[in-house]
Amino acid sequence: AWRFRAASRSLVSRFATHGSGRICITYRIRGNHLSSLHGPLWFPEMETALSEARKAAERGEVPVGAVVLDETGQCLAAAGNRVEELADPSAHAELLAMRMAAASRGRLRLSGCTLIVTLEPCPMCAAAISHFRIERLIFGAWDPKGGGVDHGTRIFDSPRCLHRPEVIGGVRERENSLLLQDFFSSVRCR
């Protein structure tokens, strides 16, 4: 179980016992959202999302991967982008993973679930996260151009937003950013 401790008006620390050690992650408060500053960002499920992103890159897709976890932390679904493969502009990793998770649960909503994604969701995916009632969104790299959570339209900050998940950004940010940069560098060289 996590405990929060405010370090100042703009910082909060989160403590938990994981395995044999104690973990402290400090976040910067940005509106209603938390973004990581430092510390061992241990979310091991991000590795599964990164694996899905790498598979997407091998298929020639933009390398974004997503994982949906249930209330106990069990993986319900994992997916990578399939926009080009399916010729479907809505086949983003987040949407595919949430659809699979909802189908596996046999329910319309994903209340209590966590979505882990390698890139800040776009406005379309952020709106879907709200409609699926995801409890917590954890993402890796920020997307200043196309993001819809901390950038652009900031879907969850809208007074008309149906549901606002807890948001944690910057988990393994460097690794996620490098994967995207390497992909786009290789595309430009073709």
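All of these numbers come straight from a predicted model, not from anything done at the bench.

## Considering the overall build of the protein
Right, on to step 1. Helices and strands together make up the secondary structure of the protein, namely 5 helices and 9 strands.
Right, on to step 2. In the protein, the succession of α and β elements from N to C terminus is β-β-β-β-α-β-β-α-α-β-α-β-β-α.
Right, on to step 3. Within the protein, the proportion of its 190 residues that are buried is 47%.
Right, on to step 4. Considering only residue pairs separated by 6 or more positions, the protein has 52% of its internal contacts joining residues 24 or more positions apart.
Right, on to step 5. Roughly 9,600 Å² of accessible area belongs to the protein as shown, and the carbon and sulfur atoms make up 52% of that amount.

## Looking at the environment of glutamate 58
Right, on to step 1. You can see glutamate 58 is positioned in helix H1 (residues 45-58).
Right, on to step 2. For glutamate 58, a relative accessible area of 70% gives the class exposed.
Right, on to step 3. For the pair glutamate 58 and phenylalanine 183, spaced 125 residues apart in sequence, the C-alpha to C-alpha distance is 9.5 Å.

## Here we look at the pairing of strand E6 (residues 75-80)
Right, on to step 1. Examined bridge by bridge, strand E5 (residues 65-69) and E6 share 5 bridges and lie antiparallel to one another. By the bridge assignment for E6, valine 68 is matched with alanine 77.
Right, on to step 2. What sits between E5 and E6 in their antiparallel hairpin is a turn of 5 residues, with glycine 73 showing a positive phi close to 90 degrees.

## Observations regarding the nonpolar core
Right, on to step 1. Within the largest apolar cluster, 34 residues are counted, with the highest numbers of intra-cluster contacts made by Val68, Met98, Leu110, Leu115, Ile134, Leu137 and Phe156.
Right, on to step 2. At the level of secondary structure, the elements contributing two or more residues to this core comprise E5, E6, helix H3 (93-105), strand E7 (114-119), helix H4 (123-132) and strand E8 (136-141).
Right, on to step 3. Here the element with the most residues in this core is H3; it accounts for 7 residues.
Right, on to step 4. The residues touching leucine 110, leaving out its near neighbours within four places in the chain, are Val68, Met98, Ala101, Ala102, Arg105, Phe132, Arg133, Ile134 and Glu135.

## Points about the layout of surface pockets
Right, on to step 1. When its volume is computed, the largest pocket comes out at roughly 440 Å³.
Right, on to step 2. When contributions to the lining of the largest pocket are tallied by element, the ones reaching two or more residues are helix H2 (83-86) and helix H5 (173-189).
Right, on to step 3. The greatest single-element share of the lining of the largest pocket, amounting to 4 residues, is contributed by H5.

## As for the pairing of E7
Along any regular strand the residues' side chains alternate between the sheet's two faces.
Right, on to step 1. With respect to burial, E7 is a largely interior element, 6 of its 6 residues being buried.
Right, on to step 2. Relative to E7, E5 runs antiparallel, the two sharing 4 bridges. Bridge pairing links valine 68 to leucine 115 in E7.
Right, on to step 3. The pairing of E7 with E8 spans 5 bridges and is classified as parallel. Looking at the pairing, leucine 119 lines up with alanine 141 of E8.
Right, on to step 4. In this fold, the crossover linking E7 to E8 by way of H4 has right-handed handedness.

## Looking at unusual backbone geometry
Right, on to step 1. In this structure, arginine 133 takes a positive phi of about 65 degrees despite not being glycine.
Right, on to step 2. By the element assignment, arginine 133 lies in the loop between H4 and E8.
Right, on to step 3. On the basis of relative accessible area, arginine 133 is assigned to the partly exposed category, the value being 24%.
Right, on to step 4. We note that arginine 154 has phi near 45 degrees; this positive angle belongs to a residue other than glycine.
Right, on to step 5. Taking the relative accessible area as the measure of exposure, arginine 154 reaches 40% and is therefore partly exposed.

Rules of the game
- Residues numbered from 1 in each chain as written.
- Predicted model: local features only at pLDDT ≥ 70, side-chain atom pairs only at ≥ 80, totals over all residues.
- Heavy atoms only, no water.
- Helix = DSSP H or I, 4+ residues; strand = E, 2+ residues; numbered from the N terminus.
- Buried < 20%, exposed > 50% of the residue type's maximum accessible area, 1.4 Å probe, protein only.
- Contact = heavy atoms within 4.5 Å.
- Areas by Shrake-Rupley, 256 points an atom, 1.4 Å probe, with all protein chains shown as cover.
- Pairing = 2+ DSSP bridges.
- Core = buried A, V, L, I, M, F, W, Y, C linked by side-chain atoms within 4.5 Å.
- 1 Å grid on protein atoms, 1.4 Å probe; cavity = no way out; pocket = protein on both sides within 12 Å on 5 of 7 lines; lining within 4 Å.
- Points joined across faces, edges and corners; volume = space filled by probe spheres on them.
- Right-handed = clockwise from strand over helix to strand, strands pointing away.

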